[in-house]
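# Close look at the chain arrangement
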Amino acid sequence: MERVKIDLDACNKCKICVDACFVDVIRWDEKQGVPVAAYPEDCVWCYACEIACPVQCIEVVPGTPRFVEPY
Amino acid sequence: MAKIEDLGEVISTDVLIVGGGISGLVAAVKAKEESSKVEVLLVDKQTIGWSGKAPKGGGFTLVLTEGEDADDFVEYHVRNIGYYLNDQELLYSWVTQMYAAVEQLSAWGVRVPKNADGKLNTMKCPLFDPRFKYKWSIAGIDLDVLFPLRARARKTGVKTLNKIQVVELLKQDDRIVGTVGFNLIDGRFYIIKAKATILANGSCNYKAKRMWHSGCGDGIGAAYRAGAEIRNAEFGNFFDVHRKDNDGPAFDYTALYNALGENISLRYIPVPRSDIPSELVLGMEKEVKEGRGPIYFDPSAVPDLFKPLSDWPRPNFHNFFGRTISKELKYGAPPSARVEVSVALNAELSPIRVDHEMKTSLAGLWAIGDTSQMGSAIVGAVYSPPAMIRGIGLGLATRSGMWGGSSAARFASQASAPKVSEGEVKRLKEVIFAPMGRTKGFSAEETIYGIQDVMCRVQYNLRRSKERLEEGLSKIEKVQQRLPELWAKDGHGLGKCHEARNIAVCGEMTLRAALTRTESRGTHFREDYPNRDDKNWLKWTIIREKSGKMVVSTEPVPIEKYKFKP
Ligand SMILES: Cc1cc2nc3c(=O)[nH]c(=O)nc-3n(C[C@H](O)[C@H](O)[C@H](O)COP(=O)(O)OP(=O)(O)OC[C@H]3O[C@@H](n4cnc5c(N)ncnc54)[C@H](O)[C@@H]3O)c2cc1C
Ligand code: SF4
Ligand code: SF4
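Residues numbered from 1 in each chain as written. Chains lettered and ligands numbered in written order. Predicted model: local features only at pLDDT ≥ 70, side-chain atom pairs only at ≥ 80, totals over all residues. Heavy atoms only, no water.

The number of helices and strands found in chain A is 2 helices and 4 strands. Taken from N to C terminus, the helices and strands of chain A fall in the order β-α-β-β-α-β. Counting only C-alpha atoms and orienting by the principal axes, one finds that chain A spans roughly 50 × 20 × 20 Å. Put simply, chain A has 71 residues, and 49% of those count as buried. For chain A, the share of sequence-separated contacts (at least 6 apart) that also reach a separation of at least 24 residues comes to 46%. Of the roughly 3,400 Å² of accessible surface on chain A, a fraction of 50% belongs to carbon and sulfur atoms. Here chain A contributes 7 positively and 12 negatively charged side chains, and the mean placements of these two sets differ by 4 Å. (Helix = DSSP H or I, 4+ residues; strand = E, 2+ residues; numbered from the N terminus. Buried < 20%, exposed > 50% of the residue type's maximum accessible area, 1.4 Å probe, protein only. Contact = heavy atoms within 4.5 Å. Areas by Shrake-Rupley, 256 points an atom, 1.4 Å probe, with all protein chains shown as cover. Lys, Arg positive; Asp, Glu negative; His and termini not counted. Charge placed at Lys NZ, Arg CZ, Asp CG, Glu CD.)

Our next topic: unusual backbone geometry. All names here are of chain B. A cis amide bond links Ser384 with the next residue in sequence, Pro385, at an omega value of -15°. Inspection of the secondary structure puts Pro385 in the loop between β15 (365–367) and α11 (393–414). Cis geometry is adopted by the peptide bond preceding Pro386, which originates at Pro385 and carries an omega value of 5°. Residue placement: Pro386 occurs in the loop between β15 and α11. In this model, Asp173 sits at a positive phi of 55°, which is unusual for a non-glycine residue. Backbone geometry places Met358, a non-glycine residue, at a positive phi of 70°.

Here we come to the site of ligand 3. All names here are of chain A. By nearness alone, 13 residues border ligand 3, and Cys11, Asn12, Cys14, Cys17 and Cys53 come closest of all. If you map ligand 3 onto the pockets, it falls in the second largest cavity. Broken down by class, the residue content of the shell around ligand 3 amounts to 10 nonpolar, 1 polar and 2 charged. (Near = heavy atom within 4 Å. 1 Å grid on protein atoms, 1.4 Å probe; cavity = no way out; pocket = protein on both sides within 12 Å on 5 of 7 lines; lining within 4 Å. Sits in = over half its atoms within 2 Å of the grid points. Nonpolar A, V, L, I, M, F, W, Y, C, P; charged D, E, K, R; others polar.)

A few words on the interface of chain B and chain A. Each partner contributes residues to the interface: chain B has 39 residues there, and chain A has 31 residues. Buried surface at the junction of chain B and chain A, summed over both partners, amounts to about 3,300 Å²; 57% is from carbon and sulfur atoms. Considering only the side of chain B, the residues that lose the most area to chain A are Trp50, Arg323 and His492 of chain B, jointly responsible for 21% of the buried surface there. The interface formed by chain B and chain A holds 7 salt bridges in total. (Buried area = accessible area lost by both parts, 1.4 Å probe. Salt bridge = Lys/Arg side-chain N within 4 Å of Asp/Glu carboxyl O.)

Residues and elements named next belong to chain B. Taken together, 34 residues lie near ligand 1, and Asp44, Ser51, Phe60, Asp218 and Leu394 sit nearest. Contact between ligand 1 and Gly58: a nitrogen atom at 3.0 Å from a main-chain N or O atom of the residue. Take Ile392: an N or O atom from its main chain is 3.5 Å from an oxygen atom of ligand 1. For the shell around ligand 1, the secondary structure elements donating two or more residues are α2 (22–34), β7 (164–172) and α11. For the shell around ligand 1, the per-class residue count stands at 13 nonpolar, 15 polar and 6 charged. (Polar contact = N/O pair within 3.5 Å; in protein donor to acceptor, adjacent residues only side chain to side chain.)

As a further point, take the sheet that holds strand β5 (residues 137–140) of chain B. Residues and elements named next belong to chain B. Taken in spatial order, the 3 strands make up an open sheet running β3-β5-β4, and their pairing is antiparallel. Each end of this open sheet is capped by a strand with a single partner; those strands are β3 (60–63) and β4 (122–124). Looking at each pair of strands side by side, their axes are set apart by 40° on average, direction ignored. Alignment of β4 against β5, held across 3 bridges, turns out to be antiparallel. The residue of β5 that forms the bridge with Thr122 is Ala139. (Pairing = 2+ DSSP bridges. Axes fitted to C-alpha atoms, helices over the stretch in contact; angles between N-to-C directions.)

Turning our attention to the domain arrangement of chain B. Residues and elements named next belong to chain B. Taken domain by domain, chain B holds domain 1 (246–344) and domain 2 (423–545). Using only C-alpha atoms to locate each centre, domain 1 and domain 2 end up separated by 29 Å. Between domain 1 and domain 2 the total buried area reaches about 470 Å² when both faces are included, carbon and sulfur atoms providing 67% of it. If you sort the residues of domain 1 by the area they bury against domain 2, Ser278, Leu282 and Glu285 come out on top, with a joint share of 76%. At the boundary of domain 1 with domain 2, the tally comes to 1 salt bridge. With a shortest N-O distance of 2.7 Å, Glu285 and Arg463 are connected by a salt bridge. (Domains from an automatic or database assignment.)

So, about the sheet that holds strand β19 (residues 549–556) of chain B. Residues and elements named next belong to chain B. The strand order across the open sheet formed by 3 strands is β10-β18-β19, and the pairing between neighbours is antiparallel. Lying at the two open borders of the sheet, with one neighbouring strand each, are β10 (230–231) and β19. Packing against the sheet, helix α6 (residues 218–225) makes contact with β10, β18 (539–546) and β19, and its axis sits at approximately 70° to β18. Helix α16 (residues 491–516) contacts β10, β18 and β19 of the sheet and is inclined by roughly 45° relative to β19.

Here it is as structure tokens:
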């Protein structure tokens with residue numbers, strides 16, 4: 001499943017989401033001039049990008065954390 | 001010989017701060033206040049303003065208000081949390097300065113709830129154990145705290161660089177003279193020469209809990225490899241009660257029930273405590289092992305503990321939690337339902353040894369915030385943050401940033417220009433980029449999982465014994481043997497390889513220190529030495545690297561000069 005969905009039709013290309021990610025999931029695609037969820041496997045659904053997007057065009061789908069059974 | 005400029009981008013500064021979270025930003029502002037002539041460069045592997053932990057969290061910090069006694073706080077902490085391993089003088093000066101530190105944040109533009117009379121709007125912490133009567137207060141800090149600090153820093157002339165992952169420290173004899181790292185986006189190599197270097201790049205949380213993923217111990221690993229002393233690493237083993245549905249914490253740990261419907265919280269913590277004690281985690285393990293699992297958290301059984309906190313005017317906090325809850329409703333269980341809980345590792349290893357100015361044991365190197373909260377010995381026999389009283393992380397990060405920033409600026413205004421050896425830079429460059437030359441081998445993920453498989457398990461990291469610690473260490477060594485096979489295809493992947501290396505070294509230091517401490521104290525519990533041994537163990541453990549080996553020694557706590565004695 002797509003974990004970080006960006007609706008590029010609505011996106012105003014402000015790059016805020018690229019800055020907002022604290023674990024480097026979202027990158028700026030220089031060629032296309034659009035944001036891209038380059039490393040979705042590292043998304044920890046903190047929703048910072050989603051909250052910060054001025055046009056609210058990002059939808060982050062929560063995942064299931066890899067959980068080491070403690071006992 | 002190649003010129004250093006041929007090896008990568010070379011930058012020179014007076015004060016270099018690695019990590020632009022709350023501690024790094026505060027240190028930058030303070031360094032400039034100390035001396036406006038000092039050049040300050042703040043470097044982060046993500047984007048300053050958004051990065052690190054302060055924007056993710058609970059947004060409150062401990063303060064003492066009128067009528068709340070500092071001695072009383074220190075005494076509670078020393079006798080019931082840090083168990084006499086605290087640096088009591090540092091703990092006292094920290095707690096007495098916290099109210100003013102929050103007022104200072106507010107003066108710098110941080111949104112802090114206040115009363116009509118301009119005083120901080122404080123309250124007693126309502127969370128964790130409603131039976132516990134907190135004698136101390138908390139003040140609010142909104143989650144956008146880093147933006148006003150960044151604006152303040154830039155206004156005073158602090159330079160910032162984003163997306164640079166610092167990997168190693170540069171040495172000139174025994175003095176630290178800067179760092180090397182690389183740009184996550186274009187892969188360029190960076191050599192940053194500095195008269196004074198401050199590590200502000202966080203604790204190690206082993207990427208075990210989602211909101212703590214930025215804490216990989218990068219500064220701890222670099223400091224250790226450069227020869228800095230590491231103190232009290234055995235206590236970096238915070239296990240939090242953990243909701244299985246959303247990977248979040250259960251904020252009232254008195255509402256935990258076993259499969260028979262019995263309240264187990266009260267069974268294992270009959271006396272109210274300020275935060276989750278190890279006894280509860282061990283008790284949860286016992287319930288499950290004896291067939292009474294799984295354990296449930298029942299939010300409906302407790303009053304809404306968050307109510308007082310939600311009355312604070314912190315728009316970003318409310319926005320953040322509002323979004324989280326609406327997502328849970330959309331994709332998962334409603335937040336009020338009975339949920340299965342377990343325990344999960346936060347760890348919060350922060351063991352770089354520092355003095356009262358946040359100087360490490362190496363000249364030219366400071367360590368602040370989440371890199372050194374345990375290593376400062378301020379918290380004693382416990383991890384930090386939260387150090388069994390939550391709301392200590394932001395406060396320690398802020399105050400240590402002030403101490404460290406001023407001290408480093410004073411040093412830099414007197415210090416000579418650093419000399420960096422080309423040969424050493426070349427060697428470090430090869431080490432840093434080695435994974436890029438490989439297309440297969442061992443992945444960063446496999447490394448991290450291998451370390452988590454030891455550190456996240458109660459049997460190795462909480463219910464400890466000589467036999468199991470040695471077993472855990474041999475598992476970590478097996479993972480470490482494969483580090484020379486790490487491979488990466490781009491800057492992002494290379495970043496994770498170095499995070500993985502640091503996570504491994506952090507796991508090793510925790511278990512080695514734990515093996516050395518043959519007693520139980522604070523969050524360090526040894527099944528083979530279940531009692532506290534004040535006769536032999538009023539000591540700190542000290543770790544240093546010697547010829548590539550991790551060597552543990554001990555040092556007596558100067559208890560005679562402290563106020564509270566066993
Ligand atoms: C979910 C959550 C809730 C919390 N709630 C509270 C609370 O209510 N009260 C409280 O007091 N504390 C709380 N804390 C703890 C508190 O947020 C931290 O103690 C504090 O923010 C630490 O600040 P710091 O600047 O020392 O480190 P961090 O915020 O971890 O900042 C470290 C910075 O260094 C950068 N970095 C890391 N490695 C490198 C590298 N190799 N090169 C360059 N840069 C690097 C990171 O990107 C980051 O920006 C919470 C923490 C979390 C995660
Ligand atoms: S939800 Fe958080 S981790 Fe995921 S992409 Fe957005 S900012 Fe990054
Ligand atoms: S924050 Fe929103 S509008 Fe701005 S670039 Fe990202 S997706 Fe587009």
